[in-house]
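Architecture and fold: a report
Each chain is listed here by its residues.
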Amino acid sequence: MRPVHTALAVLVAAVWGFNFVVIEIGLDHFPPLLLSALRFLVAALPAVFFVGRPKVAWKWIVGVGIALGVAKFGLLFTGMDAGMPAGLSSLVLQIQSVFTAVLAAVLLRERPGRVRVLGMTVALAGIAVAAVDGGTTGPVLGFTLVVAAAACWGVSNVLTRKAAPPDALNFMVWVCTVPVLPLLALSLLLEGPERDLAALRALDWSGAAVIGYVAWVSTVFGFAAWSYLLRRYPASAVAPFSLLVPVFGMSSAALVLGESVSGLRWLAAVLLVGGVALASPAPARAARRAPSPAGISAAGSPAAAAASPVPSGSPRTSGAAAPRSG
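Residues numbered from 1 in each chain as written. Predicted model: local features only at pLDDT ≥ 70, side-chain atom pairs only at ≥ 80, totals over all residues. Heavy atoms only, no water.

**A few points about the packing of helix α1 (residues 3-26) against helix α13 (residues 245-257)**
Closest axis-to-axis distance for the α1/α13 pair is 8 Å, and the angle between their directions is 40°. Taken together, the axis directions place α1 and α13 in an arrangement best described as oblique. The hand of the α1/α13 crossing is right-handed. Of α13, the residues touching α1 (which contributes Val-10, Ala-13, Ala-14, Trp-16, Gly-17, Phe-18, Phe-20, Val-21, Glu-24 and Ile-25) are Val-245, Phe-248, Gly-249, Ser-252, Ala-253, Val-256 and Leu-257. Residue composition of the contact of α1 with α13, grouped by class: 13 nonpolar, three polar and one charged. (Axes fitted to C-alpha atoms, helices over the stretch in contact; angles between N-to-C directions. Helix = DSSP H or I, 4+ residues; strand = E, 2+ residues; numbered from the N terminus. Parallel < 35°, antiparallel > 145°, perpendicular 65-115°, else oblique. Left-handed = near helix turned anticlockwise from the far one by under 90°. Contact = heavy atoms within 4.5 Å. Nonpolar A, V, L, I, M, F, W, Y, C, P; charged D, E, K, R; others polar.)

**Some points on the nonpolar core**
Judged by nonpolar contacts, the single largest core of 78 residues is most densely connected at Trp-16, Leu-76 and Leu-93. Here this core gets 11 residues from one element, more than from any other, and that element is helix α11 (residues 205-232). (Core = buried A, V, L, I, M, F, W, Y, C linked by side-chain atoms within 4.5 Å. Buried < 20%, exposed > 50% of the residue type's maximum accessible area, 1.4 Å probe, protein only.)

**A closer look at unusual backbone geometry**
In this model, Leu-45 is joined to Pro-46 through a cis peptide bond whose omega is 5°. Unlike most non-glycine residues, Ala-164 shows phi in positive territory, near 50°. Looking at where Ala-164 falls in the secondary structure, it is placed in the loop between α7 (140-163) and α8 (168-177). Look at Ala-164 and you get buried, because its relative accessible area is 0%.

**A short note on a nonpolar patch on the surface**
Taken together, the side chains of Leu-11, Trp-216, Val-217 and Phe-221 define a hydrophobic patch exposed on the protein surface, amounting to about 360 Å² of accessible area. Top element by residues in the nonpolar patch is α11. It accounts for three residues. As for its position among the elements, Trp-216 is in helix α11. For Trp-216, a relative accessible area of 48% gives the class partly exposed. (Patch = residues over 30% accessible without salt bridge, like charges linked within 9 Å, V, L, I, M, F, W, Y side chains within 5 Å. Areas by Shrake-Rupley, 256 points an atom, 1.4 Å probe, with all protein chains shown as cover. Salt bridge = Lys/Arg side-chain N within 4 Å of Asp/Glu carboxyl O.)

As structure tokens, this is what we get:
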């Protein structure tokens, strides 16, 4: 990846890492499914009136909206509400990189090289170290829900690459319109209208700031940037950067929420960063692999290329797409 794109990937990881702290604060104000619904409502409105019509088929928008918005974030917020700490949640969720790589290999026929596989292995070893350090103290239900959220994130990554949206922001804003009503319905059914109304009546500046961050910073900016990166590079090259999220998540949780970070967790952070470095292809290798910019589709077919045109002069790799946490 080019240095500017590497820096963008790291910035997104930092935004998503701190997002776990914001979610933890937000769960003191709202039930989890209602908070997730408000996140996507505020992210979609009024932006949906300014980004233009969708530039990909509705089946991809709905598919990513369900997998990412309803499933991934609904499960993540519920798991954290069940007692999973912010820092530990930011760590466990990164199992999504494994789900993404496996799904991309099976469905998109992406085959990561040996060095990249080694990097993924080193990074996952970091996750294992941190899990041994603190995972046994976490609630079983919360842990299971966050792992399920990671699997749904992997599904949304692959769907996004298949969609190959030419405009990342347009795609993300329209995706944000999909989860709102399903999440509101689930909240009314599972959390109850009384609890929801009480949370909305008690809305203050702190609660509004939480919604603003998770909606505009983490969702619109974060996923639009991630989408842009997935459009230019293979999923197996971009996904490892999400392993930096727990580095920022654990650090910010320690600074803001007072969560303890042991020596083992810092060792895990070192392994994660080292694994990401190994898993990231050098710019020269990426450039050699990149095909000519014109007319390459998500599926490699002319028909798909016509359905998802690329702006003139925009480089993209075979199977490239826009988004994918935290």
